[in-house]
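Overview (structure and organization)
If you want the building blocks of each chain, they are given just below.
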Amino acid sequence: MQSKKIEDMQEKIQKQAMELEGSDRNVGGMLALLILLISIAMSLYHFLTAGFGLLVGSRSHLILHLTMALTLVFLIYPIKKGLSQRTIPWYDLLLALFAASIGSYIIFNQQSPSILSARMTTLDLAVAISLILLVVEATRRVVGKPLVIIAGLFTAYFFLGSYLLPPFRHSRADFHDFFYEMAFTTTGLFSTPIWVSANYVFIFILFGAILEATGAGKMFIDLALRAFGKYRGGPAKAAVLSSGMLGSISGSSVANAVTTGTFTIPLMKKVGFKPHVAGGIEVAASSSGQLLPPIMGAAAFLMIEYTGHSYIEIIRSAAIPSLLSYAAILLMVHFEAAKNNIRGLSPHELVSGRQTLLQQGYLLLPLVILVFFLAKGQTVPNAAFFAIIILLSLAFFASHFRERVGMGMLIAASLFVVSYGLHYLLNWKIEITSMIVLGTFIALLFVLLQRKYSVEGSSVRFGLRELATGFEMAARNSLSVVVACATAGILIGVVNLTGLSSKLPHMIVGFSEDIVNFLPFSSANLQLYIALFLTVIACLIMGLGLPTTATYVVLASMIAPALVMLGLPIMAAHLFVLYYGILADDTPPINLPAYATAGIAKAEPIRTGIQGFKFDSGALLLPFVFATNPTILLLNPEATWVQVIVNIFTAFIGIVAFSSFIQRWLLCEYHWYERLLALIAALVLIHGSFITDIAGIAILLFLFASQYYRRKKDKERATESAMTL
């Protein structure tokens, strides 16, 4: 019965996420089976590719990736929201078939003389135009109009650039060249974003979907509630922690918000958080998970290509800033709870931590395995593949050992013989066998421990049905990323073909220099600070209607090079852009996670979005800290651990100051001059020098002392008043 409830809850969560991302179509029968089979085929193809290498040519791999995604988009997403369709209209079936046909044509004709020589036939041109129109329409349905409008503006710039004034003028507009480059080369649709989506992003979306199908999301929430639930504002702090854990492996901030918010938002409301505040906290926590290792979001994999750094170097550099950003959200929640006198849950309302770990603690092992293989030097897809293998072994055998140990051992032995035999005969990777054996052993160990300590095992059963559900969820969750990456390829293609990629960084540097010359004062880093501030504005504007992936692609291509020209390390420049791209995901009015949580909290979406942005703003100044002092990114090989710890500490102090400034609360409510001092402390701590650090810390210590003394006096007065009465 409990297993059925959890399955129903997972179906409800998936339905909510899909509706918010544009699909309220709910079909059954043969059409549902068709979608399921294509989704499983897409997930299985990428799973095998990650483990055994490309099953087709590298170019065909990208085309197949996009083609399957486009086919699913037209089967799943209606032409507009609100239709509540119970079937697939004939025109969408036709578009799905047309998308599959266009993809097949390109795969089978990519080596034709007309395409190799860039002399397209009329049919080639028609195919190229059709593919671009299909991608744009799929993007409109899944991601929304803003990205389509931006792609249209870039396309207009390509064709009308000769009519503009320098430095934007160019003379490279050519009708045939545009469609050839976009559809048949690696300049446009099949450029870096779609390559990253096909080779990196999908396999991690699959990992997250299977992990979610095992019921791991509920485990994360229970553990987080156990850790924070009894403290002031406990459910909200638990929401932050659980959303961070799930968000680091999820490919969708909307899916993350719905998955965790379904459980945590009612608890936040129960202890006293207002509905729009509870929804906003969940928005901030869910979106920020895209910055949190070990998986981060899709944009992290794009950074591999744009920065030239390895994935392990990227997650190492992102680790400290991401933890500080979550510390900022926790501080914001704590101050919110303190000023509204919101308590935590009573102990009897919390699940035992030991019980939770004994029930499903084995699901943490795949994350450890993932990090282990990455640190060992395996490729990113290989590491994800092995993590999925052990995840499947753990989930499957833990479920079957609870029912019948003997049958489970028989199946495990058979799998071991088959996998080892394939390793011996076909040179399969021995790690596959190792993961199956390790997963079987750990699953059996946990079942035996559950019996010894009389702990009921997880009620979630995992078999072929749940595996198929995970595969389907992965394909569905990937669609927004795939089409956004394809459309982002149009933007990149225009930037590269028109020469804007080489001009724009110089324009930004020159503009910031002009501003410096105009100002009556100057300093060593003033031009850099101005450029960083302009970048923040660009990120927030771009992110008003774009998903994080598209925002990052555009800014990484156009603005990050300017920051590098001004002296920032390339890692710092790209993390700076990524951080504000994620923050822009919370920016009203176009804020899908806010619509998701507002529905659960029964709150107004815009107010919920504003609260989400507010709770995400505690670390608003953090990127300026690591941009001007990249020690906390672990990029300075000469920095000692003492210097790193000192820089982390001062960054945290700055976050405390800025969070208290936003909330107007430290130990009690700020007077206006205390709030101003908190802002000054946060600003001076951006510049990592000895004098500014001492000044910032001194100001915050003064505020603590002042607030402590005032709170003490207020308590004494309250006590005296009570005694008088």
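Residues numbered from 1 in each chain as written. Predicted model: local features only at pLDDT ≥ 70, side-chain atom pairs only at ≥ 80, totals over all residues. Heavy atoms only, no water.

Here we come to the overall build of the chain. Each helix and strand in the chain was counted, giving 32 helices and zero strands. Against the compact-globule benchmark of 27 Å for 725 residues, the chain has a radius of gyration of 27 Å, which places it among compact chains. Taking all 725 residues of the chain together, 57% fall into the buried category. Nonlocal contacts in the chain, meaning residues at least 24 apart in sequence, comprise 79% of its contacts between residues at least 6 apart. (Helix = DSSP H or I, 4+ residues; strand = E, 2+ residues; numbered from the N terminus. Rg over C-alpha atoms; globule rule 2.2 N^0.38 Å. Buried < 20%, exposed > 50% of the residue type's maximum accessible area, 1.4 Å probe, protein only. Contact = heavy atoms within 4.5 Å.)

This next bit is on the pattern of salt bridges. For the structure on display, the rule yields twelve salt bridges. Among the ionic pairs, Glu336 bridges to Lys614, the shortest N-O distance being 3.4 Å. With a gap of 278 residues between them, Glu336 in helix H15 (residues 311-339) and Lys614 in helix H28 (residues 605-616) connect regions that are remote in the sequence. On the basis of relative accessible area, Glu336 is assigned to the buried category, the value being 7%. Sharing partners across several salt bridges, the network here consists of Arg25, Asp92, Glu137, Arg140 and Arg141. (Salt bridge = Lys/Arg side-chain N within 4 Å of Asp/Glu carboxyl O.)

This part takes up the packing of aromatic side chains. In total, this model carries 28 aromatic pairs according to the counting rule given. For the ring pair Phe52 and Phe385, a centre distance of 5.6 Å and an interplane angle of 70 degrees mean the geometry is edge-to-face. Placement of Phe52 in helix H2 (residues 29-52) and of Phe385 in helix H18 (residues 380-403) is noted, with a sequence separation of 333 residues between them. (Phe/Tyr/Trp six-rings, centres within 6.5 Å; stacked < 30°, edge-to-face > 60°.)

Glancing now at a nonpolar patch on the surface. Nonpolar side chains collect at one region of the surface, where Phe416, Val417, Tyr420, Ile430 and Val437 lie side by side and expose about 430 Å² of accessible area between them. Per element, the largest residue contribution to the nonpolar patch is three residues, and it comes from helix H19 (residues 405-426). The residue Val437 is located in helix H20 (residues 430-452) in this model. Given the relative accessible area of 40%, Val437 is considered partly exposed. (Patch = residues over 30% accessible without salt bridge, like charges linked within 9 Å, V, L, I, M, F, W, Y side chains within 5 Å. Areas by Shrake-Rupley, 256 points an atom, 1.4 Å probe, with all protein chains shown as cover.)

This paragraph deals with the packing of helix H31 (residues 672-684) against helix H32 (residues 690-724). How two helices sit against one another is set out by the angle between their axes and by the gap between those axes. Where H31 contacts H32, the axes come no closer than 8 Å and their chain directions differ by 155 degrees. The orientation of H31 relative to H32 falls into the category roughly antiparallel. When the axes of H31 and H32 are compared, the crossing they make is left-handed. From H31, Glu674, Leu677, Ala678, Ile680, Ala681 and Val684 reach across to H32, where they touch Thr692, Gly696, Ile699, Phe702, Leu703, Ser706, Gln707 and Arg710. (Axes fitted to C-alpha atoms, helices over the stretch in contact; angles between N-to-C directions. Parallel < 35°, antiparallel > 145°, perpendicular 65-115°, else oblique. Left-handed = near helix turned anticlockwise from the far one by under 90°.)

Along the chain, the position of Ile281 falls in helix H13 (residues 275-288). Judged by relative accessible area, Ile281 falls into the buried class, the value being 0%. Sequence separation between Ile281 and Leu330 is 49 residues, and the spatial gap between their C-alpha atoms is 9.5 Å. Contacts of Ile281, omitting those with residues within four sequence positions, involve Ala236, Val240, Met268, Phe273, Val333 and Phe615.

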